[in-house]
Structures are given as C-alpha cells and as structure tokens.
Amino acid sequence: MKKVAFYTLGCKLNFSETSTIGRMLEAQGYERVEFNQRPDIFIINTCSVTDNADKKCRKIVREAQKINPDGYVAVLGCYAQLKPQEIATIPGVDAVLGAAEKFRLHELIDTFEKAPTGQARVFNSNIETVIDYHASYSLNDRTRTFLKVQDGCDYPCSYCTIPLARGKSRSDTVANVVRAAHEIAWRGRSAAAVKEIVLTGVNIGDFGLVDEFGLATRKCESFLDLIQALDEVEGIERFRISSIEPNLLTDEIITFVAQSKRFVPHFHVPLQSEPTRCWP
Amino acid sequence: MRRRYKRELYAERVAKIKELMPHACIGVDVIVGHPGETEALFRETYEFLNQMPVSYLHVFTYSERPNTHALTIRPVVSGSARAERSKILHILSDKKRRAFYESQVGREATVLFEEDVAAGATLAGMMQGFTENYVRVIAKYDPLLINETMPVLLTGITAEGLMEVEEVGVLVGH
C-alpha cells in the first residue's frame, strides 16, 4: 500500500479541500500518513495569498526530499495555478496540478512515477475554463468542520489574485450542502463527534451561482436559502458563518441569524481599507 | 462618493447586527499599506474602526501580487509604514477584543471545549473553548469536557486575555 502525506498552506478552504482529496485517496487504497513518516507521495496544497508563496513552497519541497529522496512530490492548488512553470522548475517537484486538476488527483495518482530526467509534469488549464464545483469538508478536528459551500470570486478587488487562482464564483446547491451537513452529523454519532460546522468559501455571500452547461452561471438559490435549510439539520449544534462581504450581508440574513436555532451570533465582515475595493 | 457609500454601508450593517444581537461578536478584515493609502487615509480607517462596536480585527499587511490592479496605484507605501500601521491596528484590535470580553463578564454562555491543551507555560493544565459569540474561554483541563458544549458563567479575564468561567452550578474555572 502506497503512503501519501499532505501539507496544506493558507486558508480553511484549502484545508477542507485537502481533507476531501485525502479521503478520496484513502478510499482508493492509499495510506494517509504524516509528512515526516516517509510517504511515497508528498502532496503540497499551496496558497497565493500567503506571503512568500514561492519560498514556502521551495522549503517544503526541500523538506520532503530530505524525508524521502525517492518520494514523488506533487504541488497543487492556488499558487500552482498561478505559477505552474516556475514551480515545475523547483528541483524535486514531479507534478504540478492547477485549480481544476487538483480534483483529478485521484485519477492521476496511479500514474505518478518519478521521471528519470527529473522533468515535472504540468497539469494546468486556463482559469477562464475552470468552472466545475467540487464539494469538500474537513474532518481533522473533532470539534469543528470547515464545510465548503462556494468557490471562486467575481469581485475585482485591486490587491487580490484569488479570482485568477480559483476562477469564477460558483457554488454547491442547497440540497447538496444539506446532504453534506447530514453526513457530517451522521459521522458525528461515532466517537469523533463534530459539534460545529463553519461555512467556508471564497465569497460565501455570493452563494447560489450554478454553472449551466459550461456556458454561464445562473443565480438559482441564495445564501439565505442555504442557512435557512441548514438550521434544520439535526445533530449539528452550531453553524458559524465564517466571513461575508458587507454588501451581501442583508437584513434578511441578519434577522434570520438573530432568531435561528443553530447559527451563532458571530460575523466576520471584511472592510479592507479605503482605496482598496472595487464594489460591484 | 464610492468611499462614503461603502463606509456608511459598513456602519449600517454593524449597527443592524448589534441592534438585533447586542452580544454578537463582529470581526473585521482590514488591509494596511495598500498603494494610495496616505497617512491621512490610514488615520481615517483607524478612526472609523475605533468608533465601530466591533470585537476584533484581522490585520493583513499589503503585499504585491502579480497581475493585480493595485500595482498601478501610486503612491506605494513603504515597508516600514506598512509595518507601523499593522502594529497600530493590532493594538486597536487588542483594545477592541478586551472591551468586547469585558462586556461579556457576568453573562451566561455555552462553551464548546476543544481537544487541544492550551498553549503557554502559564496555561499548563488548562483547556480552552469558544462561546457562541467567539469568546475564547479557559478552564481547568478535564477530559470529560473535550468536545462537549457546556453552559457556563463568564467570570473574568486573565492576564493573557482569556475568559475564565464557572460551570453553571459547579466550579470549573480554578
């Protein structure tokens, strides 16, 4: 059985995606181990918001090579989407997977063999074409789970590369997120009970955009619809809204949280600073 | 115009939350040192946040990213000014958090206790958790409390800025 280890940089969304990708590999027969337990395959999920993304990435690759010089090193995620060629030239990197390709890791991993030339394979698509949505949630911590409900962003904030790294705003459906919450609650009946779900995404207030045949996104449901449905999920004690843009935090959402059974009175609202934002 | 609208909208959202949930915790993401942020604009941001009934700040120091609009904006803020502004807002954040925690002393809340043992030598033998409204609570380590929600009375704030509690009915804070 091949051993695989993950290293995750950056946000809670990355952590939830790493967790789900890891479970997919486990289901395929890979053994999940810690980074220092001499895995056969190292997977580094990167960030482009973090300072020195490049430096951090290089350092982790070096560490991986020290731990297992024969180990296969795959770099994926946001920074891998933005700078695939740069990462491919880092000594020791064997594969680079962008925003869409990271969710194909389970298909690609069986083909991972170190090339004799040391040449890295690059799997990357133009971010404009990255429109698929992949549901995820973390299960590393028994107290709380980060449940992904949305991905990508259509806001052109002056300082931010996330739209280039993750693509257009798109979401899961209310029904799918509720199903995931039930699944988490169901897992919670075992010893590893999860008591709190934190809703996670890039711009979660923008929830409800669903891709139609790869042509355009359409607003089908709203964030309010989502939280109203989740509030009825038995077995989860608390839901927390992680971060929501002020223009999307409507009176209806605030009023609902105020009288809800499970949504806690905690809001995280980006202000950024005066000259930084371009509001839609 | 855009700025005024934005600021008013923000203040109005915060006011609405506090009107319906007076004890709600409100966190703010804020960037310092974005190009074009003059000393005067930074001070405006500071004053605005200082007046807002928010509970803590997440301060990000601006750093350049390829292919973003911000790279075309002038003047660029020096590294030392970015660091200084970050420090100033971190101090403001501590002040806000402290005031928020103080407003919570004497209230009852429900804590979800966590597995992780509290870090730091002075906190050895303690465990921590969060209330609904994100007050970080400290209590004597008890494996039975891990991953349990527990009604508590918030009793006071430690030197580390953590909330001490008494379990409603039973003392667990000492």
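The notes below deal with the structure included here. (Residues numbered from 1 in each chain as written. Chains lettered and ligands numbered in written order. Predicted model: local features only at pLDDT ≥ 70, side-chain atom pairs only at ≥ 80, totals over all residues. Heavy atoms only, no water.)

Now for the overall build of chain B. For chain B, the count of helices and strands is three helices and seven strands. Out of the 174 residues belonging to chain B, those deemed buried represent 48%. By sequence separation, contacts in chain B at least 24 residues apart represent 63% of the contacts at least 6 residues apart. A total of about 8,600 Å² of accessible surface is found on chain B, and carbon and sulfur atoms cover 55% of it. (Helix = DSSP H or I, 4+ residues; strand = E, 2+ residues; numbered from the N terminus. Buried < 20%, exposed > 50% of the residue type's maximum accessible area, 1.4 Å probe, protein only. Contact = heavy atoms within 4.5 Å. Areas by Shrake-Rupley, 256 points an atom, 1.4 Å probe, with all protein chains shown as cover.)

Turning to the pairing of strand S14 (residues 266-270) of chain A, a few remarks are in order. Successive side chains on a regular strand alternate, one facing one side of the sheet and the next facing the other. The buried fraction of S14 of chain A is high, at five of five residues. Neither face of S14 of chain A is exposed, since His 266, His 268 and Pro 270 of chain A on one face and Phe 267 and Val 269 of chain A on the opposite face are all buried. The sheet contact formed by S14 of chain A and strand S1 (residues 25-32) of chain B spans five bridges and is parallel. Counterpart to Phe 267 of chain A in the pairing with S1 of chain B is Ile 26 of chain B. (Pairing = 2+ DSSP bridges.)

Residues and elements named next belong to chain B. The terminal C-alpha atoms of helix H2 (residues 39-51), which comprises 13 residues, lie 18 Å apart, in line with the 18 Å expected from a rise of 1.5 Å per residue. Buried residues of H2: Leu 41, Phe 42, Thr 45, Phe 48 and Leu 49, and no others. One face of H2 carries all of its buried residues, which in axial projection span an arc of 125°. (Expected span 1.5 Å × (residues − 1). Arc of directions from axis to C-beta.)

Here we take up helix H3 (residues 79-104) of chain B. Residues and elements named next belong to chain B. For H3, built from 26 residues, the straight-helix expectation of 38 Å at 1.5 Å per residue is met to within 8% by its first-to-last C-alpha distance of 37 Å. Among the residues making up H3, those that are buried are Ala 81, Arg 82, Arg 85, Ser 86, Leu 89, Leu 92, Ser 93, Lys 96, Phe 100, Tyr 101 and Gln 104. Once H3 ends, the next one or two residues include Gly 106, with phi positive near 95°.

Residue and element names in this part refer to chain A. Evaluated as defined, the whole model comprises 24 salt bridges over all chains. Here Lys 114 ties to Asp 94 by a salt bridge, and the two come within 2.7 Å at their closest N and O atoms. With Lys 114 in the loop between helix H5 (105-108) and strand S6 (121-123) and Asp 94 in the loop between helix H4 (84-88) and strand S5 (95-97), the pair connects residues that are 20 residues apart, well separated along the chain. Here Lys 114 falls in the partly exposed class, since its relative accessible area comes to 36%. Here the salt bridges share partners, and the residues they tie into one network are Glu 17, Lys 102, Lys 148, Asp 151, Arg 166 and Arg 170. (Salt bridge = Lys/Arg side-chain N within 4 Å of Asp/Glu carboxyl O.)

In this section: the sheet that holds S1 of chain B. Strand order in the open sheet formed by three strands is S14(A)-S1(B)-S2(B), and the pairing between neighbours is parallel. Since the sheet does not close on itself, it has two edges, and those belong to S14 of chain A together with strand S2 (56-61) of chain B, each with one partner. If you compare each strand with its neighbour and ignore which way they point, the axes differ by 20° on average. Relative to S2 of chain B, H3 of chain B is tilted by about 170°, and along the sheet it contacts S1 and S2 of chain B. (Axes fitted to C-alpha atoms, helices over the stretch in contact; angles between N-to-C directions.)

Let us look at the nonpolar core. Residues and elements named next belong to chain A. Leu 199, Phe 223 and Leu 230 are the most contacted members of the largest nonpolar core, which totals 60 residues. Among the elements that make up this core, the one with the highest residue count is helix H7 (residues 174-187) (seven residues). Contact partners of Leu 199, with chain neighbours within four places excluded, come to Leu 147, Val 149, Ile 204, Phe 223, Leu 226, Ile 227, Leu 230, Phe 239, Arg 240, Ser 242 and Phe 263. If you look at the next biggest cluster of nonpolar residues, it comprises 22 residues, including Leu 9, Val 33, Ala 64 and Val 73. (Core = buried A, V, L, I, M, F, W, Y, C linked by side-chain atoms within 4.5 Å.)

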